[in-house]
Amino acid sequence: MSDDPFEAIKATFFQECEELLADLEGNLLTLESGSTDIEVINAVFRAVHSVKGGAGAFGLEDLVRFAHVFETLMDELRSGRKPCDDPTVKTLLRASDVLADHVAAARGAGAPVDPVRSAGLVAELEALTYGGAAPAAAAAPDEDDFGFTPVAMDLGAFEAPGGLPDLADLPPLPDLAALAPLSAPAPLSDPGSLPDLSAPAAARGWKIVFRPHPRLYASANETGLLLRELARLGPTRVQMDDSGLPLLDALEPTDSHLIWTIELDGDASETEVREVFDFVEMDCDLSVTPLGDAATVEAALAAVADEDDSDASALARAASSELDIAALLASVGAAPTQAPAPVAAAPVIAPAPEPVAPPSPVKPAPAPTAAAPVQTAPPAAAPVTIRVDLERVDRLINAVGELVIQQAMLAQRVTESGMARSSDIGLGLEDLELLTREIQDSVMAIRAQPVKSVFQRMPRLVREAAEATGKKVKLVTSGEDTEVDKTVIERLSDPITHMLRNAIDHGLEGPEERLAAGKPAEGTVRLAALHRSGRIVIEISDDGKGINRPRVKGIAVERGLIAEDAILSDDEIDNLIFLPGFSTATEVSDLSGRGVGMDVVRRSIQSLGGRISISSVPGKGSTFTLSLPLTLAVLDGMVVGADEQTLVAPLAAIVESLTPNEADIHYVGGVDPVLRFREAFVPLVDVARVMGFRDAPTVLKGGVVMIVETESRQRAALLVDAIHGQRQVVIKSLESNYRHVEGVAAATILGDGRVALILDIDALVTAKRTRTPSRSDLQMAS
Amino acid sequence: MTTIEQTLTPNVAGTDRELIAFRIGEQEFCVDIMSVREIRGWTPATPLPRSPAYMKGVINLRGVVLPIIDLGARFGLATNEPTERHVIMVAHVGSRLVGLLVDAVSDIVQLSDAAIQPTPDVASDHVKSFVKGIFAVEGGRMISLIDLDHVLPESEAEAA
């Protein structure tokens, strides 16, 4: 599949779709927050337009159809003909969800789109587009029409002193539209000149002026074929203007010098006419005007002139294009066409290439609009990026991991050889170490991505959850730009999704209950990301009712999770919800009560080396805090020794280390050792024994104890033989070639080239409590 | 070793596969040469907690954490502590890379599929799960063809 170039292009299209949809939603949210910036509306339009354009090229009919309706409404909004009010934006948001569904379905990644939902939104969009009335026949989107809708250019905006009597549709040039929103609803000097947009069905025929750019030919299009297509729509009279053709010695064979004027009879719609030029519209100057409407033709020509002008300045096209324009204008003016237009047009265009007389007062109007976006256009200022196959990045990261290990090994060999640190080699090695560290950091930065990609999916989730529960919810996000390793990001989405659903389903109250409690009817859920001491922290908080502690405790007792007479602190009760098999919803709701609870969330967070904690205030709400390592590739660890084995303990789990005093050791029931640590007793875990390296009884003498804290905030004392020091290690998976080993989180390679195991603190501490001496692994093995 | 070479040379016509023959104790086994990536000397491995006895631990193979399986122990044969003269065959098993600890690698054998006989029914199920077939060489010796897919614990082989 991937060898198929078409598939590859399609894959690129879907990648772009993802970005476009993200932009789309982001911009819609900006609109929702009250912005009326025309640039934002334009950006939304462009995103939908681009999705539709690509989808059309791949024949994704459902997607095109939906995008078309969406785009039509956006066009109304950006031209200012329809107000971009709150209900509209809400509908647009839901439409963007369905559009995303259509994209996912087309990609084969998602379930087929719910036809009822899709059709419902199409109806809503159309209702908004056509002001509630049934779509006018003229504007009713042809179901089989995959062509681009004509982008109406509002000529009223650059109305000439004489007054342009009627609408002239300009060619839809998306690239130009992107840079120069000529259709911006600039103040109209004469409201009466408001173009009538539903007009395109007019007339007995069309006059089409078509001037191909060299690019058109470069992309293997052929004028003859276009003309033949046009001829299918009705009888045509074609005139070719070759007056732009230079003498032979000046002829640049790859340039385009010819202009065609086609008069098409019959009742083809403008859409049909433009459809013919669908794939070349970016690469030509095109005007389509009703036949016999002299003024309109004049306007069209003026518009072409004007457009080329702004085109040239905005796009900074090759300087030669201006000459082309001059040639075009001159030739059009001089061309003895039958249309009455040229007579009027001639004086207009004659003085070219100087600013033409009648359009000149026009120009200042569009110019600022054209210039402004160029100055403020964020894409231009955005850093240049490239797309790189993730596998390549991973290969680089692995290689750098090896480099780090190799460097450490070299340093160790040098030390062992008795060479002084101040020797040339020693100093050189130090520089190498710095450099290695720098390379490693830079490589890690390549994989780092803002959490935005996850956060962006959440507004939709919240909307749907709110809809399903009938609650009013506002999602407030912050820290979207916080960066974290890609592997972490990928695995953040599910836990966050789950916790947001929980917050809405269980945390927030219904509108009445909220009002009764003196809170605003609309609940607020906050999603925040921030960096804190080398980790990323994600906070999910709601302003709901908080954890109902008596009920939580009751359920825990009922499910046999705790003893009935257990005395628990508030904190401990809150943490009960992380126990497997715990679910507080009395009725299993559609939304979050699917039997998987917070224990699943906690486990997936822990598998990333993270922690989750909760704090809750009754009546005020709850906050879940996730803390995760920034990368899964390296780890700050404490290198320790236990019975001749070298092990690594994650630094994040270590509270402190100390040399134990025999007098501080006590035995619970005479068997299980505990260590007195700051007036508290913590279980003492002999690492060498729990790991199965040593069967002999624990010897405290000469040992060192590390006080560690587990995810669930339990403390324990790990007894090891020695602590060798702190070191950043490269994490190597055991699972890739073997399997998960209880008590071991991963492996790493130390300076001596040997493999050292990274301890899974949580498993060690719980293993201490639950472990039976039977070697069950052995039986399972054969 | 030379005997094997001599005995097998006449069979070269109709060669279907190349195998690597190795020795564990007094027994000879072989695996498909395509599954073996490299052969290296024994280096002490880092033991893994609570692992089966045949799991000698993991070593660093140029940055890859390589699990070492004592093949003799895996087959249920009596084994000794590995020494420097022992050999690790680095082999692909499914998508994994594992090191197989054996006493010595004896030869490269070329063999036609037709020469392989099914494992006789006398063998226990445990042995049969590893031995794909046997073939005779002159001198009354027998080499067993090993199926590496079952060398890792079953539950893992499925997952792989």
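Before any of the text, the structure's been laid out above.
What comes next concerns the included structure. (Residues numbered from 1 in each chain as written. Chains lettered and ligands numbered in written order. Predicted model: local features only at pLDDT ≥ 70, side-chain atom pairs only at ≥ 80, totals over all residues. Heavy atoms only, no water.)

1. Here we look at the packing of aromatic side chains
Two numbers describe a pair of aromatic rings. These are the distance of the centres and the angle of the planes. Summed over the entire model, instances satisfying the criterion amount to seven aromatic pairs over all chains. With a centroid separation of 5.1 Å and an interplanar angle of 45°, the aromatic rings of Phe29(B) and Phe75(B) are classed as tilted. Pair noted here: Phe29(B) is in strand S2 (residues 27-32) and Phe75(B) is in helix H2 (residues 71-75), with a separation of 46 residues, a long-range link. Assigned by exposure class, Phe29(B) and Phe75(B) land together as buried. Both rings, one in Phe75(B) and one in Phe130(B), keep their centres 5.1 Å apart while their planes meet at 45°; by these two values the pair is tilted. Residue Phe75(B) is found in helix H2, and its partner Phe130(B) is found in the loop between helix H3 (125-128) and strand S9 (131-137); the two are separated by 55 residues along the sequence. Note on Phe75(B): relative accessible area 8%, which makes it buried. Chaining the aromatic ring pairs together yields one cluster made of Phe22(B), Phe29(B), Phe75(B) and Phe130(B). One cation-aromatic arrangement involves Arg78(A) over Phe45(A); the distance from NZ or CZ to the ring centre is 3.8 Å. (Phe/Tyr/Trp six-rings, centres within 6.5 Å; stacked < 30°, edge-to-face > 60°. Helix = DSSP H or I, 4+ residues; strand = E, 2+ residues; numbered from the N terminus. Buried < 20%, exposed > 50% of the residue type's maximum accessible area, 1.4 Å probe, protein only. Lys NZ or Arg CZ within 6 Å of the ring centre and 35° of its normal.)

2. A look at the sheet that holds strand S5 (residues 64-70) of chain B
Residues and elements named next belong to chain B. In space, the five strands of this open sheet follow the order S3-S6-S7-S5-S4, with mixed pairing throughout. The sheet is open, and its two borders are formed by strand S3 (36-41) and strand S4 (55-61), each paired with just one other strand. Here the average twist between neighbouring strands, direction ignored, is 30°. (Pairing = 2+ DSSP bridges. Axes fitted to C-alpha atoms, helices over the stretch in contact; angles between N-to-C directions.)

3. Comments concerning the pattern of salt bridges
Residue and element names in this part refer to chain A. As enumerated under the stated definition, the model contains 38 salt bridges over all chains in all. Its salt-bridge partner being Arg 387, residue Glu 19 comes within 3.1 Å of it at the nearest N-O pair. Note that Glu 19 is positioned in helix H1 (residues 5-32) and Arg 387 in the loop between helix H14 (378-381) and helix H15 (390-416), a separation of 368 residues in sequence. With a relative accessible area of 48%, Arg 387 lands in the partly exposed category. Notably, a salt bridge pairs Arg 237 with Glu 263, separated by 3.0 Å at the nearest N-O pair. Separated by 26 residues along the polypeptide, Arg 237 in strand S2 (residues 236-241) and Glu 263 in strand S3 (residues 259-265) bring together distant segments of the chain. The structure contains a network of salt bridges with shared partners spanning Glu 25, Asp 97, Asp 101, Arg 117, Arg 460, Arg 463 and Glu 464. (Salt bridge = Lys/Arg side-chain N within 4 Å of Asp/Glu carboxyl O.)

4. A look at the interface of chain A and chain B
Contact residues are listed per partner, giving 29 residues for chain A and 30 residues for chain B. When the two sides are added together, the surface that chain A and chain B hide from each other amounts to roughly 2,500 Å², 56% of it contributed by carbon and sulfur. Our count for the chain A to chain B interface comes out at zero salt bridges. Breaking the side of chain A that touches chain B down by element, the ones donating at least two residues are strand S21 (744-749), strand S22 (755-759) and helix H27 (776-781) of chain A. Of the residues assigned to the side of chain A that touches chain B, the class counts are 14 nonpolar, six polar and nine charged. (Contact = heavy atoms within 4.5 Å. Buried area = accessible area lost by both parts, 1.4 Å probe. Nonpolar A, V, L, I, M, F, W, Y, C, P; charged D, E, K, R; others polar.)

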